[in-house]
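# Examination of the molecular architecture
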Amino acid sequence: RLGVRDQEILAAGLGRVARTGAIIDQFRDRLVLPIRDGDQVHGFIGRRHPGLADHDRGGPKYLNTPATDLFDKGAQLFGLTEAGTALDAGATPVLVEGSFDAMAVTLSAGGHHVGLACLGTSVTAGQANALRPYVGAQRPGVIVATDADLAGEIAAQRAFWMLTALGDTPRHLAMAGGQDPAGVLELGGPTALRAALADAQPLGRHLLDERLNHLGDNPQVLAECAAIIAAQPPHTWLEQIDYASARSNPGRGSFREAVAAAA
């Protein structure tokens, strides 16, 4: 242990007390990556061996340092410190779920996009605020590239509300076959991942489609679609009102009134 005391190991989140009372490695049998804040390492994230699953007692796919005096997983984004120079130069931030997805985006995009991983399933207010310097009228906006499963869909919707509150118009990266960015890179190479990033579409339109497809003639569709439209910049409203009213029973006038009320 190189002279480090047990209490220091526990305080740093590098070990935990087992049922036997012994201190064991928090990240045993995992590939461990540092989570930096400026020049300091504040925590770590450990990736489970790909050959193991939860039911194999391998634990969660990604395991973070527990909360310490330095580390709060809801306040930091994996890759943000490393991507600072590229973001300042105009690169597009891409929010993903896992650290390997973040690295896949950054390695494939040639400086045009950088991957940033939430240290949990959904983006937090603290993580969204960390992106505030990189959103706005003169910025390319954030791409949300969560996994194509229920948890990823919920995470994408949460990111939409967080980012639009900052004035962003986030886009959505749709990946075929339920893949994640690391999977796209593995199967199709950098060219496939760059093409998917270049084809990212407005996340608001994705959420509208989800509501219109699942709510159908339910009267609730008007209020939910209006809230999504109103969260975005006003210059986008008319086009989205036309789109939503063409696919549902409420007419254009009803949508305009609902959007105005939601705004």
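Above this note sits the structure.
Residues numbered from 1 in each chain as written. Predicted model: local features only at pLDDT ≥ 70, side-chain atom pairs only at ≥ 80, totals over all residues. Heavy atoms only, no water.

Before going further, it helps to spend a moment on the packing of aromatic side chains. The tally for this structure, following the rule as stated, stands at two aromatic pairs. A ring pair is formed by F27 and F44, whose centres lie 6.4 Å apart and whose planes are at 65 degrees; its orientation type is edge-to-face. In this pair, F27 is assigned in the loop between β2 (23-25) and β3 (30-37) and F44 in strand β4 (residues 40-48), connecting sequence segments 17 residues apart. Since its relative accessible area comes to 25%, F44 is described here as partly exposed. One Lys or Arg, R47, reaches over the ring of F100 and ends 6.0 Å from the middle of that ring. (Phe/Tyr/Trp six-rings, centres within 6.5 Å; stacked < 30°, edge-to-face > 60°. Helix = DSSP H or I, 4+ residues; strand = E, 2+ residues; numbered from the N terminus. Buried < 20%, exposed > 50% of the residue type's maximum accessible area, 1.4 Å probe, protein only. Lys NZ or Arg CZ within 6 Å of the ring centre and 35° of its normal.)

The next thing to look at is the packing of helix α9 (residues 237-246) against helix α10 (residues 252-262). Contact geometry for α9 and α10: axes closest at 9 Å, N-to-C directions at 130 degrees. When the interaxial angle is binned, α9 and α10 end up oblique. Our pair here, α9 against α10, has a crossing hand that is right-handed. Of the residues in α10, those touching α9 at W237, L238, I241, D242, A244 and S245 are R252, F255, R256 and V259. A per-class count over the contact of α9 with α10 returns six nonpolar, one polar and three charged. (Axes fitted to C-alpha atoms, helices over the stretch in contact; angles between N-to-C directions. Parallel < 35°, antiparallel > 145°, perpendicular 65-115°, else oblique. Left-handed = near helix turned anticlockwise from the far one by under 90°. Contact = heavy atoms within 4.5 Å. Nonpolar A, V, L, I, M, F, W, Y, C, P; charged D, E, K, R; others polar.)

Turning next to the sheet that holds β3. Overall, antiparallel pairing links the three strands, which are arranged β3-β4-β5 in an open sheet. Pairing within the sheet leaves two strands with one partner each, and these edge strands are β3 and β5 (62-64). Going from strand to strand, the sheet's axes swing by 30 degrees on average, the running direction of each strand aside. Taken together, the three bridges between β4 and β5 define a ladder with antiparallel strand orientation. Bridge pairing in β5 links G46 to L63. Lying on the sheet, helix α3 (residues 99-108) is in contact with β3, β4 and β5; it crosses β3 at an angle near 70 degrees. (Pairing = 2+ DSSP bridges.)

So, about the environment of S99. With respect to the secondary-structure elements, S99 resides in helix α3. The class for S99 is buried, based on a relative accessible area of 1%. Spatially, the C-alpha atom of S99 lies 29 Å from that of D6, the residues being 93 residues apart in sequence. Discounting chain neighbours no more than four positions away, the residues touching S99 are L33, I45, Y62, F78 and A117.

As a general feature of sheets, a regular strand has side chains that alternate between the two faces. Bridge analysis of β3 against β4 gives eight bridges, and the strand direction is antiparallel. The residue of β4 that forms the bridge with I35 is G43. Here β3 folds back onto β4, and the loop between the two strands holds two residues, one of which, G38, carries a positive phi near 70 degrees.

The next point concerns the pattern of salt bridges. Under the defined criterion, the tally for this structure stands at eight salt bridges. Between R5 and E8 there is a salt bridge, with the nearest N and O atoms lying 3.5 Å from each other. Its relative accessible area of 58% is what places R5 among the exposed residues. On the basis of relative accessible area, E8 is assigned to the partly exposed category, the value being 36%. Overlapping salt bridges bring together E210, R211 and E224 as one network. (Salt bridge = Lys/Arg side-chain N within 4 Å of Asp/Glu carboxyl O.)

In this section: the sheet that holds strand β7 (residues 92-96). The six strands are arranged β6-β8-β7-β9-β10-β11 in an open sheet whose pairing can be described as mixed. Here the strands that pair on one side only, and so sit at the sheet edges, are β6 (77-78) and β11 (201-202). Direction of pairing for β7 relative to strand β8 (residues 113-118): parallel, over a ladder of five bridges. From the neighbouring strand, L95 faces β8, where its bridge partner is L116.

Geometric descriptors of this kind do not, in isolation, establish any biological role.
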